[in-house]
Amino acid sequence: MLPLLPALLLFIGLIVGLATPRDVRPDAFLATAMISAAALLPLWGTVLIGVGACAVFVGLMVDFNGLRDATAYSELATLTAIAAFAVFFNRLLGRRAHQLLQVRSVAETAQLAVLHPVPRHLGHLTLESLYLAAAAEARIGGDLYEAIHTPHGVRLLIGDVRGKGLLAIQAAATLLSAFREAAHDAPDLPHLACRLETSMSRYAALYPGVPGSEIAERFVTALLAEVPDDEPVVRTVTCGHPPPLLLRHGEVRELQPAAPSPPLNLGMLMNDGYHVDLAPFHPGDKLLLYTDGVTETRDRSGAFYPLAERISSWSSESPHHLHHDLIAYSGGELDDDIAALLAQRHPGH
C-alpha cells in the first residue's frame, strides 16, 4: 500500500484546501506527497505527483481568488523547488539502488565461487542444504558446507569460521578448497582432518601480525562425516562443532562425540589424534549437520532454539522447514550465519 501514499497525501491536501478557510494552505500535505513520491515511486510517478501538487495549489488559489496575494507566488515557488528536489532525490535513490543491486550480484557470484551448490543426489544419499548469512544484503558469511563422492563413500563437511566479514570468507574459502582436494585422497577421516588442520595453519601463517585481523587466532569449528557405499554406518570426526542429529522413524538422536577434538587451526591443543565416532546409518535414516547459528537462535524471552525437541514434531525435516521455524521462533530476527546439511540414505542401500 505504500506506493499509494503520495496520491493519498495529495488528495488529503486537496480536501483540506477546499474544506478550510482560504488563509489555511495545504502546503505541508503537498510537499510531503512529493517527498514521499521520490522515495516510493519511479521517476515518472515522482514527476506526476510534483506536477499534480503544483496544479492543486494553483487551482485552490484560483478558486479562492488568491493569485493577487504575493505570498501565494512565494509558496508556489517553494512547492516548485520541492518538486525539483524530489525528482533529483528520486534519481539519486535510483542510482544507489542500482549500485546495491550490483554489489549483491557480485556477492552472489562470490558465494557460488566459494560455496558450491550441493548436488541433490550423491552416491546413495539424497542431500538438502540451507545457508543464511547474517549480513542479509551480503548473501555470504563464514559458515560453510560441502559434500563429495569419493572412493571411500560420500564425505561431508560443515564448518563455522570464528568471526565475520572478509577474513571469515577467506578462511572459509581456504578450508573448502583444502577439503575438495584432500577428500578424494585421504584414506580415512583422521588423515583428512590432519590435512585440513595443516591447510588452515599454513593459511594463518601467511598473515603474521596483521593489525586488527586476529588472523593467528582465526579458527574453524568443523564436523567431518563419511557414509560408505557398502556399509550402513556413518563415521564422524568432531572438531569443536555441534554434534549432528540422527533421525530414524520419528526419533531424534544426538551423536555426541566420545572424544571431541579442538577446532581447526588449534591443533596444537590436541594431545591425541583425531577420534572417529561410528553410528548405524540404515536406509531411510537422515543425518542433520548444522552450525551453532541454529541452536543459538533465541526467542523474545532469550531462550535458545531447542533443535532436537522441535524437529521431532515436524512432518518433514527439510532445511527449508528449519528456516521457516527459525524465523517463527525468533520473531524474524536472525542475527548469525546459519548453515544446515541434511543427508538421507536411499531405501535399499
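Here goes a summary of the coordinates provided. The residue numbering used here restarts from 1 in each chain and proceeds along that chain's sequence as written. In keeping with the model being predicted, local features are shown solely for residues with a pLDDT of at least 70 and side-chain atom pairs are shown and tallied solely at 80 or more, while totals for entire chains, interfaces and linings include all residues. Only hydrogens and water are set aside when side-chain values are computed; all heavy atoms of the structure are taken into account.

**Re helix 1 (residues 5-19)**
Here helix 1 contains 15 residues, and its C-alpha end-to-end distance of 21 Å stays within 8% of the 21 Å for a straight helix at 1.5 Å per residue. To sort residues, take the accessible area from a 1.4 Å probe on protein chains only and compare it with the maximum for the residue type: under 20% means buried, over 50% means exposed, and anything in between is partly exposed. Numbering of helices and strands runs from the N terminus; a helix is a DSSP stretch of H or I covering at least four residues, while a strand is a stretch of E covering at least two. Within helix 1 the residues assigned to the buried category are Pro6, Leu9, Leu10, Gly13 and Gly17. The arc that holds the buried residues of helix 1, viewed along the axis, is 100 degrees, so those residues lie on one side. Helix 1 presents Phe11 and Ala19 as exposed residues on the side facing more than 90 degrees away from its buried surface. Multiply 1.5 Å by the residue count of a helix minus one, and that product is the helix's expected span. Summarising the geometry, the arc corresponds to the directions from the helix axis toward the C-beta atoms.

**Let's talk about the nonpolar core**
In this structure, Leu156, Leu224 and Leu264 are the most contacted members of the largest nonpolar core, which totals 53 residues. If you tally residues by element for this core, the top one is helix 5 (residues 165-182), at eight residues. For our purposes a nonpolar core is just a set of buried Ala, Val, Leu, Ile, Met, Phe, Trp, Tyr and Cys residues, chained together by side-chain atoms within 4.5 Å. Membership of the second largest hydrophobic core comes to 20 residues, among which are Leu10, Ala38, Cys54 and Met61.

**Regarding the sheet that holds strand 9 (residues 277-280)**
Being paired, for any two strands, means DSSP has found at least two bridges between them. Read across the open sheet, the five strands follow the order 3-4-5-6-9; overall the sheet is antiparallel. Each edge of the open sheet is held by one strand with a lone partner, namely strand 3 (143-150) and strand 9. Each neighbouring strand pair of the sheet contributes to a mean axis angle of 20 degrees, computed without reference to strand direction. Here helix 6 (residues 189-205) sits on the sheet and contacts strand 4 (153-161), strand 5 (220-227) and strand 6 (233-239); the angle it forms with strand 5, its principal contact strand, is near 150 degrees. Axes, fitted as lines to C-alpha atoms, cover a helix only where it is in contact. Angles between the N-to-C directions of the axes lie from 0 to 180 degrees. Note on contacts: a residue pair is in contact if any heavy atoms of the two residues lie within 4.5 Å.

**Overview of the packing of helix 1 against helix 2 (residues 27-40)**
The geometry of helix 1 relative to helix 2 is characterised by a closest axis approach of 8 Å and an angle of 170 degrees between their N-to-C directions. Between helix 1 and helix 2, the crossing angle belongs to the class labelled roughly antiparallel. Listed contacts from helix 2 to Leu5, Pro6, Leu9, Leu10, Ile12, Gly13 and Val16 of helix 1 are Phe29, Leu30, Thr32, Ala33, Ser36, Ala37 and Leu40. Relative orientations are named as follows: roughly parallel for angles under 35 degrees, roughly antiparallel for angles over 145 degrees, roughly perpendicular for angles from 65 to 115 degrees, and oblique for any other angle.

**Some remarks on the packing of helix 1 against helix 3 (residues 43-63)**
Orientation of helix 1 relative to helix 3, taken along the N-to-C sense of each, is 5 degrees, at an axis distance of 10 Å. Judged on the interaxial angle alone, helix 3 and helix 1 are roughly parallel. For the pair helix 1 and helix 3, contact is made by Pro6, Ala7, Leu10, Gly13, Leu14, Gly17 and Leu18 and by Ile49, Gly52, Ala53, Val56, Leu60 and Asp63, respectively. Taken together, the residues of the contact of helix 1 with helix 3 sort by class into nine nonpolar, three polar and one charged. In this classification, Asp, Glu, Lys and Arg are treated as charged, Ala, Val, Leu, Ile, Met, Phe, Trp, Tyr, Cys and Pro as nonpolar, and every other residue, Gly included, as polar.

**Regarding the pairing of strand 5**
Counting buried positions over the eight residues of strand 5 gives eight, a clear majority of the element. Taking every second residue as pointing to the same face, both faces of strand 5 are buried, with Val220, Ala222, Leu224 and Glu226 on one and Thr221, Leu223, Ala225 and Val227 on the other. When strand 4 meets strand 5, the two strands line up antiparallel, connected through eight bridges. If you follow Gly159 over to strand 5, its bridge partner there is Ala222. Direction of pairing for strand 5 relative to strand 6: antiparallel, over a ladder of five bridges. Along strand 6, the bridge assignment pairs Ala225 with Thr236. The turn joining strand 5 and strand 6, which pair antiparallel and follow one another in sequence, is formed by five residues.

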